[in-house]
There are 2 protein chains.
Amino acid sequence: MNRAIGVIDSGVGGLTVVHELMRQLPKEQLIYLGDTARCPYGPRTKEEVKKYTWEMVDFLLTKDIKMLVIACNTATAFTLHDLKEKLNIPVIGVIQPGARAAIKFTRNNQVGIIGTEGTVNSSAYTHALKNIKTDIHVTALACPLFVPMVEKGILSGGQALKVVNESLQPLKYDREMDTLILGCTHYPLLKDTIQEVMGKHVTIISSSEETARETSTILDVHQLLNKEELSPVHQFYTTGDLEIFIEISKSIFKEAHFQMLTIKNANISHNQVS
Amino acid sequence: MNRAIGVIDSGVGGLTVVHELMRQLPKEQLIYLGDTARCPYGPRTKEEVKKYTWEMVDFLLTKDIKMLVIACNTATAFTLHDLKEKLNIPVIGVIQPGARAAIKFTRNNQVGIIGTEGTVNSSAYTHALKNIKTDIHVTALACPLFVPMVEKGILSGGQALKVVNESLQPLKYDREMDTLILGCTHYPLLKDTIQEVMGKHVTIISSSEETARETSTILDVHQLLNKEELSPVHQFYTTGDLEIFIEISKSIFKEAHFQMLTIKNANISHNQVS
């Protein structure tokens, strides 16, 4: 019996993690739940985020998932420890894989991190980096214009380049920094533009790519990899508007990948979704 | 009580994994055992390799290690599955991390692998890659001149460039290949020369770097990371000549790192070491 990997996110950003999971683990079935109705989690209290996250987890546990991926920075920061303690399946968030990849790539311990204001203010990446390597130097920058731009579908071209270039000015003149973590699951969609602005001497770390890579590692260690040759059909759930979710999914996944999805509404809570 | 990570190898090649573990996990204490007296494992039978590996593991288990890293391709190919089944600590080999990194990096599923004749003939990397992603195309090449050259300390310069260039000719004209795995723990010492020969369009994967990265992941998932601020003194054991082992260690580790090692002889077997 092949069980699925569960992926949760506050909305659609986690779809970049799903895209990487499909690429790096093509035999694995995915069940995704995006809490689009209550997105974004960034401005919410810790208690709200924990409550909503647990509601998503409880929904996915009814699907008998074999592993949980928290594809949301805010939910990772507030719930990872608790979920690791209480669930009897492996759990991974999006923060630690990016941090570990940065430690691997940097040659001078000068690491940058960009994310939403919530993520940057939480210092979650700085903590994850210094927890492993105390003498690493971290420069964090919030880029509040990136998520709204991505959600409008502006990923490249003159306008994207202008916004990315202006936002990253404080980092561009840090000539020491050799590694930059994209600390938001929306940002991999801007990776080419960010690389162009930062220059080739900076290694850009996509936390989505790294989270998928580590999901592969963890499934292997726990002997949970799917051995059979399958073309899995993935299940996607949203708490929000189905048509909008389908439109965004189409823009992230290419046609061939999109054919592998079924998308449904999820009713995850006894409480009214606010 | 902080427990150490155990690392085993047939000889000195695994020291490149140790070097990366020290860089990526500087708070962790390492206990290394190199079976230099019986090196190389490549030409030995599967039964011999299993017996010798278990002798090394039994020695490290008396040191109460919290995780085992098999820093030897041959030992990984023959014993990983068995060790994972029988030990109640996490176990990682050097083959799978390199394979997973290649799957992450390749954009066209055209992956090369270079290693000793034993490793290439075992098809262990091809199996690890195709086990996860069936449609990956693998080109494997044995480079029998690399290990003897590294053991003579020839890592760069004209002679190294000549040997690497001639050895890699069959791969150089594969214009499709975008990712090359260094499938031998000696090869990271030649990484710069290999990159120069292959060109910048090829991503070079060091299985030593990737194994250290995944050790970090696995310790985190199992909540085994050392939280305290330490400058650990690492213990190194060899079954062979102590002075030669010390000389080679000095050439791999910089002075500051070398000061963090204690090196001793190991008597690991009731049987006569042959």
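What you see is a predicted model, and the numbers here were worked out from it, not measured in a lab. (Residues numbered from 1 in each chain as written. Chains lettered and ligands numbered in written order. Predicted model: local features only at pLDDT ≥ 70, side-chain atom pairs only at ≥ 80, totals over all residues. Heavy atoms only, no water.)

Participant: Break down the side chain of A:Glu209 for me, citing the residues and quoting the values.
Facilitator: Following the sequence through the fold, A:Glu209 ends up in helix α11 (residues 207-221). For A:Glu209, the side chain forms a polar contact with the side chain of B:Arg107, separated by 3.0 Å. The residues touching A:Glu209, leaving out its near neighbours within four places in the chain, are A:Glu20, A:Gln24, A:Lys191, B:Lys104 and B:Arg107. (Helix = DSSP H or I, 4+ residues; strand = E, 2+ residues; numbered from the N terminus. Polar contact = N/O pair within 3.5 Å; in protein donor to acceptor, adjacent residues only side chain to side chain. Contact = heavy atoms within 4.5 Å.)

Participant: Quick rundown of the domain arrangement of chain A? Include the residues and the values.
Facilitator: Residues and elements named next belong to chain A. According to the domain assignment, chain A contains domain 1 (5-93 + 210-265) and domain 2 (95-207). One C-alpha centre belongs to domain 1, the other to domain 2, and the line joining them spans 22 Å. The interface is formed by 16 residues belonging to domain 1 together with 20 residues belonging to domain 2. Between domain 1 and domain 2, roughly 1300 Å² of surface is buried when both sides are summed, and carbon and sulfur atoms account for 55% of that area. If you look at where domain 1 meets domain 2, you find 1 salt bridge. (Domains from an automatic or database assignment. Buried area = accessible area lost by both parts, 1.4 Å probe. Salt bridge = Lys/Arg side-chain N within 4 Å of Asp/Glu carboxyl O.)

Participant: Go over the UniProt feature "active site" (unreviewed entry) in chain A, please, and point to the residues and values.
Facilitator: All names here are of chain A. On the UniProt side, "active site" (unreviewed entry) is annotated at positions that read Cys 72 and Cys 184 here. In three dimensions, the annotated residues from a span of 113 residues occupy one location, with a maximal C-alpha spread of 7.8 Å. If you trace the backbone, Cys 72 turns up in the loop between β3 (67-70) and α3 (73-86). Apart from the residues lying within four places of it in its own chain, the contact partners of Cys 72 are Ile 8, Asp 9, Ser 10, Tyr 41 and Val 94. With respect to the helices, strands and loops of the structure, Cys 184 is situated in the loop between β7 (179-182) and α10 (191-198). Discounting chain neighbours no more than four positions away, the residues touching Cys 184 are Asn 73, Ile 114, Gly 115, Thr 116, Val 147 and Ser 207. (UniProt positions renumbered as here; feature names shortened; annotations may be inferred.)

Participant: An account of the UniProt feature "binding site: substrate" (unreviewed entry) in chain A is requested, with residue identities and associated values reported.
Facilitator: Residue and element names in this part refer to chain A. Mapped onto this numbering, the UniProt entry annotates "binding site: substrate" (unreviewed entry) at Asp 9, Ser 10, Tyr 41, Gly 42, Asn 73, Thr 74, Thr 185 and His 186. The greatest C-alpha distance among the annotated residues, which extend across 178 residues, is 13.9 Å, indicating that they converge on a single site. With respect to the helices, strands and loops of the structure, Asp 9 is situated in strand β1 (residues 5-9). Owing to a relative accessible area of 3%, Asp 9 belongs among the buried residues under this scheme. Apart from residues no more than four positions distant in its own chain, Asp 9 is found in contact with Gly 14, Tyr 32, Leu 33, Gly 34, Asp 35, Met 56, Ala 71 and Cys 72. At a separation of 3.1 Å, a polar atom in the side chain of Asp 9 contacts the main-chain amide nitrogen of Gly 11. (Buried < 20%, exposed > 50% of the residue type's maximum accessible area, 1.4 Å probe, protein only.)

Participant: I'd like a description of the pairing of strand β8 (residues 203-206) of chain B, backed by residues and values.
Facilitator: All names here are of chain B. With 4 bridges joining them, strand β7 (residues 179-182) and β8 adopt parallel strand pairing. Residue pairing across strands places Leu 180 opposite Ile 204, the latter belonging to β8. For the crossover that starts at β7, traverses helix α10 (residues 191-198) and ends in the parallel β8, the hand is right-handed. (Pairing = 2+ DSSP bridges. Right-handed = clockwise from strand over helix to strand, strands pointing away.)

Participant: Which residues make up the relation of the copies chain B and chain A, and what are the values?
Facilitator: If you rotate chain B by 180° and push it 0.0 Å along the axis, it lands on chain A with an RMSD of 0.0 Å. Classification of the inter-copy transformation places it as that of a two-fold axis. A high fraction, 100%, of the interface residues of chain B reappear at the interface in chain A, so the copies pair face to face through one surface. (Least-squares fit on C-alpha atoms with pLDDT ≥ 70 in both.)

Participant: How would you sum up the packing of helix α2 (residues 46-61) of chain B against helix α3 (residues 73-86) of chain B? Please name residues and give values.
Facilitator: All names here are of chain B. Where α2 contacts α3, the axes come no closer than 9 Å and their chain directions differ by 55°. Put simply, α2 runs oblique to α3. Every pair of crossing elements has a handedness; the one defined by α2 and α3 is right-handed. On α3, the residues that touch Lys 46, Val 49, Lys 50, Thr 53, Trp 54 and Val 57 of α2 are Thr 74, Ala 75, Phe 78, Thr 79, Asp 82, Leu 83 and Lys 86. (Axes fitted to C-alpha atoms, helices over the stretch in contact; angles between N-to-C directions. Parallel < 35°, antiparallel > 145°, perpendicular 65-115°, else oblique. Left-handed = near helix turned anticlockwise from the far one by under 90°.)

Participant: Before we move on, can you summarise the pattern of salt bridges with the specific residues and values?
Facilitator: Tallying each qualifying case throughout the model produces 34 salt bridges over all chains. Measuring nitrogen to oxygen at the nearest pair gives 3.0 Å for the salt bridge that ties B:Glu209 to A:Arg107. Highlighted residues: B:Glu209 in helix α11 (residues 207-221) and A:Arg107 in the loop between α4 (95-105) and β5 (110-115), drawn from two different chains. The exposure class assigned to B:Glu209 is buried, which follows from its relative accessible area of 9%. Take A:Arg107: its relative accessible area is 53%, and that puts it in the exposed class. Here the residues in one salt-bridge network are A:Lys84, A:Arg100, A:Glu210, A:Glu214, B:Lys104, B:Arg213 and B:Asp220, joined through shared partners.

Participant: Please set out the interface of chain B and chain A residue by residue, giving values where relevant.
Facilitator: By a widespread convention, an interface's size corresponds to the accessible area lost as its parts come together. Counting from both sides, the interface comprises 36 residues of chain B and, opposite them, 36 residues of chain A. Of the roughly 3400 Å² buried where chain B meets chain A, counting both sides, 43% is carbon and sulfur surface. Here chain B is connected to chain A by 12 salt bridges. Note that A:Lys84 is salt-bridged to B:Asp220, the shortest N-O span being 3.3 Å. Here chain B is connected to chain A by 26 residue pairs in polar contact (both at pLDDT 80 or more).

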